Amino acid sequence: ETGVTQSPTHLIKTRGQQVTLRCSSQSGHNTVSWYQQALGQGPQFIFQYYREEENGRGNFPPRFSGLQFPNYSSELNVNALELDDSALYLCASSPLAGEGNEQFFGPGTRLTVL
Amino acid sequence: AQSVTQLDSQVPVFEEAPVELRCNYSSSVSVYLFWYVQYPNQGLQLLLKYLSGSTLVESINGFEAEFNKSQTSFHLRKPSVHISDTAEYFCAVSDLGSGGGADGLTFGKGTHLIIQP
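Residues numbered from 1 in each chain as written. Chains lettered and ligands numbered in written order. Predicted model: local features only at pLDDT ≥ 70, side-chain atom pairs only at ≥ 80, totals over all residues. Heavy atoms only, no water.

**Notes on the nonpolar core**
Counting 27 residues, the largest nonpolar core has W35, L48, F74, L76 and Y89 of chain B as the members making the most contacts within it. Going through the elements one at a time, strand 2 (10–14), strand 3 (19–21), strand 5 (31–38), strand 6 (44–50), strand 8 (64–68), strand 9 (73–78), strand 10 (87–95) and strand 12 (111–116) of chain B are the ones with two or more residues in this core. The contacts of Y89 of chain B, once residues within four sequence positions are left out, are Q6, L21, W35, Y36, V37, L47, F63, L76, G110, T111 and L113 of chain B. V19, V32, F47 and Y49 of chain A belong to the second-largest nonpolar core, a separate cluster that totals 19 residues. (Core = buried A, V, L, I, M, F, W, Y, C linked by side-chain atoms within 4.5 Å. Buried < 20%, exposed > 50% of the residue type's maximum accessible area, 1.4 Å probe, protein only. Helix = DSSP H or I, 4+ residues; strand = E, 2+ residues; numbered from the N terminus. Contact = heavy atoms within 4.5 Å.)

The structure is reproduced here in structure tokens:
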């Protein structure tokens, strides 16, 4: 059984650029959530995708957007990058949306914005 | 809105000593509770969870946590720690019926457990 995978592992961008991060969910999981973890902080919920639609969103501006594909993989897009966007971005998948299901996390993508 | 407070940012303990990592939460509704562990340069791994039933939950590697509704706490304990337990530990909460769903998990800031030989 393949776990959650994310690509790339590291990324360096400059302020104002756009970035796309990718996530493949664990086999059998149809729900994907994205989190931002700043240095020294706990992860913060960005949004969740279920059945290819955004199912919920945290307190992040619209320049953070996402997609989910028919194979349940997902992308996180961030436009107009700011220095504060530098963080570890974590993807998590679960078998079903809601109902207390455990979320399985990937290793993350470390984004540095210069 | 929910919030999670992890009272200690860093906890140093000697190997084979007991440890308690404290977690308090605030929520207007019933919640699910989780502890995740993060080793250096890795993602989060679920350590244990409380969904319902017995308030004492255990993990396979010797950790346990007790849900205390009156004190809104979910402290993590281990009777004897090992060097390999050195990691960052995160307490998280989600609304009952959400389970990390539409509202996601709300995490604390983490506690760095440092095991000294």
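Resuming the write-up.
**Structural notes on the pairing of strand 9 (residues 87–94) of chain A**
Residue and element names in this part refer to chain A. For strand 9, the buried fraction is high: eight of the eight residues fall into the buried class. With burial as the criterion, each face of strand 9 is covered, one bearing A87, Y89, C91 and S93 and the other bearing L88, L90, A92 and S94. Pairing between strand 4 (residues 31–37) and strand 9: seven bridges, direction antiparallel. Looking at the pairing, V32 lines up with S93 of strand 9. In terms of strand pairing, strand 9 meets strand 11 (residues 109–113) through three bridges, oriented antiparallel. Paired with A87 across the bridge in strand 11 is L111. In this structure, strand 9 lies alongside strand 10 (residues 104–105), joined through two bridges in antiparallel fashion. Within strand 10, the residue paired with A92 across the bridge is F105. (Pairing = 2+ DSSP bridges.)

**Section: the sheet that holds strand 7 (residues 64–68) of chain A**
All names here are of chain A. If you trace the four strands from one edge of the open sheet to the other, you get 1-3-8-7, paired in antiparallel fashion. Two strands in the sheet have a free side with no partner beyond their single neighbour: strand 1 (5–7) and strand 7. Direction aside, the axes of adjacent strands within the sheet are offset by 20° on average. Of the pairings in the sheet, the one linking strand 3 (residues 19–24) to strand 8 (residues 74–78) comprises five bridges and is antiparallel in character. Looking across to strand 8, one finds that T20 is bridged to N77. (Axes fitted to C-alpha atoms, helices over the stretch in contact; angles between N-to-C directions.)

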